[in-house]
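A structural walkthrough
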Amino acid sequence: MNFENKNFILAIVLSMLIIFGWQYFYAAPLQKKLEAQQPATQQTVETPATPGAPARPAGTVPGAAQSAAASRDEALKTTPRLKIETPSVTGSINLQGAQFDDLHLVKYRETIDPNSPTIVFLSPAGTPGALFAEQGFIPATGTTAKLPDTKTVWTAPEGAVLTEAAPVTLTWDNGEGLVFSRKIEISDEYLFTITQTVENKSQAPVALIPYGRVQRQDTPHVAGYWVFFEGLLGWLDGGLHELHYKDLAADGAAPEKRDTTGGWLGFTDKYWAATIIPDQTMPVTATFLHQKAGDRDIYQTDYLAKDALVAQPGATVSARDQLFAGAKVVQTINSIEVKHGIAGFDYMIDWGWFYFLTKPMFYLLDWLKGMVGNFGIAILLATVLVKAAVFPLANKSYASMSKMKKLQPEMEKLKQQYPDDKMKQQQGMMELYKKEKVSPLSGCLPVVVQIPVFFSLYKVILTSIELRHAPFFGWIHDLSAPDPTTLFNLFGLIPWTPPNMLMIGIWPLLMGITMWVQMRLNPTPPDPVQASLFNWMPVIFTFMLGTFPAGLVIYWAWSNTLSIIQQSYIMKRHGTEVNILGNIRDSLPFLKKKTAN
């Protein structure tokens, strides 16, 4: 294998490593290493765990491992509730425990069918896949007053409905001189603000410690992509902290604690998140933990204030925190961070280690979509803009390729002159390259340049809820899903669904064809190894990208088409013959043989 072949193959291998290897082999291990270097802290407040919950160390937020209910509907019917009604969410708050455990995201549906069910996000404790949140107080050392817990039934104003325009205040009297109230507000689509107040009518001071928690019961199904994170996460002490379910549930794994002032913590899915947000000026200890309740896995993120609130006789004290429960819409997340001063809130959206590429790519697509009204068209326009931005580099590359094509007769002479001496051939080729100032890797450069753009677009399409169920035209109804057609059932004419690896739809085929045609602009490599690689690479990419999001495949096919036009123009300008059909014929053995006859 000569020098040119080795470098060509090396360029392709390195390009693929950039796409699929960076985060899996480098970023993820580095993140774990950084997390392991962060010191854990312990809270020293003395208080028992909630009765009926799995055993937990003293000084921690209550757990809640109720027995499983028969169904979600049954759990909702058997508890008193306060209705929630906004343009973004509907559901209810459980007045038993004042838990946020029933939430539908009405702007989003399970499938692209407009009549499919809306997304059910929060569900009551004990039901399959339960996810809920609550706030409260635990007693500080020396305090024996009766406090509300998960069994406490709060009182709501008769006929009250929580809306963006109408906050609701819940009340509860412990019968011993303490009156508790919780004012609940909702704003910014998915942000709940909870202000807890304690009025002390007794004759003794009461010391209370605020807490908040989000609990998930049962291990959820995660997509398994290394491109984005799903699990427990939080912005704590000025940094992002992430924990996978499997790591926290591993044998011997202990709860993880962090001291912080400001930030947030909770659970993130691909498109949704539920996070508790303490008062940004209050020092707290945040905890990530896993417990077993029978055969169920219980995951919890919670915070516990480091300092107690002391309500003197005749006085009132209050604590305020917030809960985000909803879709990770970029504009909404950014607005909440700025408006409410929540540290690191934008890190809830996983832009990845290449955020300097992925964030600009998203904002570019979002801006273009706002202008043309379709994310598919936005992808096409963004491709044109990217091509324009790298035009000088591409121009230099294609010009070098044109010169290399002119060198083909000279290279053939070298092979005839030294038919059995590969070293002499390589030395002669290198002298030609140096004399004409061309690079043997020039043909790979346009592909390599596409890799960062490809990856950033891949990340944006997979993780941004804005592109979820975003249609294009024709049969593409969801740019974030693969092309639903496939060659192997004749694009739907045969009533058979092939296995996933054979889902090679129309757009993947167009991508493969355009890639193959673009490579035919270059002369057929004289070396059989390189020629074979040229021929098979489009086929490999077609199968590899067949199951990728349609938006990404559309980008690649369109980018190839623009590259064909651009390269043809530059080659003609440099006086190089553009013989696509001839090169196609030469690359196909059966056509070449027929022509020779």
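Please read all numbers here as calculations on a predicted model, not as lab measurements. (Residues numbered from 1 in each chain as written. Predicted model: local features only at pLDDT ≥ 70, side-chain atom pairs only at ≥ 80, totals over all residues. Heavy atoms only, no water.)

On to the layout of surface pockets, then. Each pocket or cavity is described by its volume, and for the second largest pocket that value is around 530 Å³. Forming the walls of the second largest pocket are 23 residues, and the residues nearest its centre are Arg216, Pro220, His221, Asp269 and Trp272. Looking at the lining of the second largest pocket, the elements that each hand over two or more residues are strand E4 (118-122) and strand E10 (206-217). Here the lining of the second largest pocket gets 3 residues from one element, more than from any other, and that element is E4. For the lining of the second largest pocket, the class distribution of residues is 11 nonpolar, 6 polar and 6 charged. (1 Å grid on protein atoms, 1.4 Å probe; cavity = no way out; pocket = protein on both sides within 12 Å on 5 of 7 lines; lining within 4 Å. Points joined across faces, edges and corners; volume = space filled by probe spheres on them. Helix = DSSP H or I, 4+ residues; strand = E, 2+ residues; numbered from the N terminus. Nonpolar A, V, L, I, M, F, W, Y, C, P; charged D, E, K, R; others polar.)

With that settled, the discussion passes to the pairing of strand E14 (residues 264-268). Extensive coverage of E14 is indicated by the burial of 5 of its 5 residues. Bridge count between strand E11 (residues 231-236) and E14: 5 bridges; the pairing is antiparallel. Looking across to E14, one finds that Trp235 is bridged to Trp264. In this sheet, strand E15 (residues 272-277) lies alongside E14 in antiparallel orientation, the contact comprising 4 bridges. The partner of Phe267 across the bridge, within E15, is Ala274. Taking the residues between adjacent antiparallel strands as the criterion, E14 and E15 are bridged by 3 residues. (Buried < 20%, exposed > 50% of the residue type's maximum accessible area, 1.4 Å probe, protein only. Pairing = 2+ DSSP bridges.)

The biggest cluster of nonpolar side chains holds 123 residues, and the ones touching the most others in it are Phe192 and Phe324. It is helix H11 (residues 445-463) that provides the largest number of residues to this core, a total of 9 residues. Not counting residues within four places of it along the chain, the set of residues in contact with Phe324 comprises Tyr190, Leu191, Ala273, Ala274, Thr275, Ile277, Ile333, Ile336, Phe345 and Met348. (Core = buried A, V, L, I, M, F, W, Y, C linked by side-chain atoms within 4.5 Å. Contact = heavy atoms within 4.5 Å.)

Attention now moves to the environment of Phe534. Structurally, Phe534 is set in helix H13 (residues 528-545). For Phe534, a relative accessible area of 8% puts it in the buried group. Taking the C-alpha atoms as reference points, Phe534 and Arg520, separated by 14 residues in sequence, lie 8.8 Å from one another.

Another aspect to go through is the packing of helix H7 (residues 375-389) against helix H14 (residues 550-573). For the pair H7 and H14, the least separation of the axes is 9 Å and the interaxial angle reads 40 degrees. Between H7 and H14, the angle is such that the two are oblique. Crossing of H7 against H14: the hand is right-handed. Residues Ile379, Leu380, Thr383, Val384 and Lys387 of H7 pack against Gly551, Ile554, Tyr555, Trp558, Ser559, Leu562, Ser563 and Gln566 of H14. Its residues assigned to classes, the contact of H7 with H14 shows 7 nonpolar, 5 polar and 1 charged. (Axes fitted to C-alpha atoms, helices over the stretch in contact; angles between N-to-C directions. Parallel < 35°, antiparallel > 145°, perpendicular 65-115°, else oblique. Left-handed = near helix turned anticlockwise from the far one by under 90°.)

Moving on: helix H5 (residues 330-340). Among all positions of H5, only Val330, Thr332, Ile333 and Ile336 are buried. Those residues of H5 that are buried are in contact with strand E9 (191-200), strand E19 (316-327) and helix H6 (355-372). Looking at the residues trailing H5, positive phi occurs at Gly341, about 60 degrees.

One can find Met515 in helix H12 (residues 506-520). Taking C-alpha positions, Met515 is 8.2 Å from Thr561, a pair spaced 46 residues apart along the chain. Ignoring sequence-local partners within four residues, the contact set of Met515 consists of Met537, Pro538, Phe541, Trp556 and Asn560.

Paired through their backbone hydrogen bonds, the strands of a sheet run either parallel or antiparallel. Strands sit in the order E7-E8-E9-E19-E15-E14-E11-E12 across an open sheet of 8 strands; the sheet is antiparallel. With partners counted over all chains shown, the strands left at the sheet margins are strand E7 (168-173) and strand E12 (239-243), one partner each. The mean inter-strand angle of the sheet, taken between neighbouring strand axes irrespective of direction, is 20 degrees. Across 9 bridges, the pairing between E9 and E19 is antiparallel. Each bridged residue has a counterpart across the sheet, and for Thr193 the counterpart in E19 is Gln322. Set on the sheet, H5 makes contact with strand E8 (178-187), E9 and E19; between it and E19 the angle comes to about 165 degrees.

Below, the discussion takes up unusual backbone geometry. With a phi close to 50 degrees, Ala98 is a non-glycine residue in the positive phi region. Secondary-structure assignment places Ala98 in the loop between strand E2 (89-94) and strand E3 (99-109). One non-glycine residue, Glu189, adopts positive backbone phi at about 75 degrees. Its place among the elements puts Glu189 in the loop between E8 and E9.

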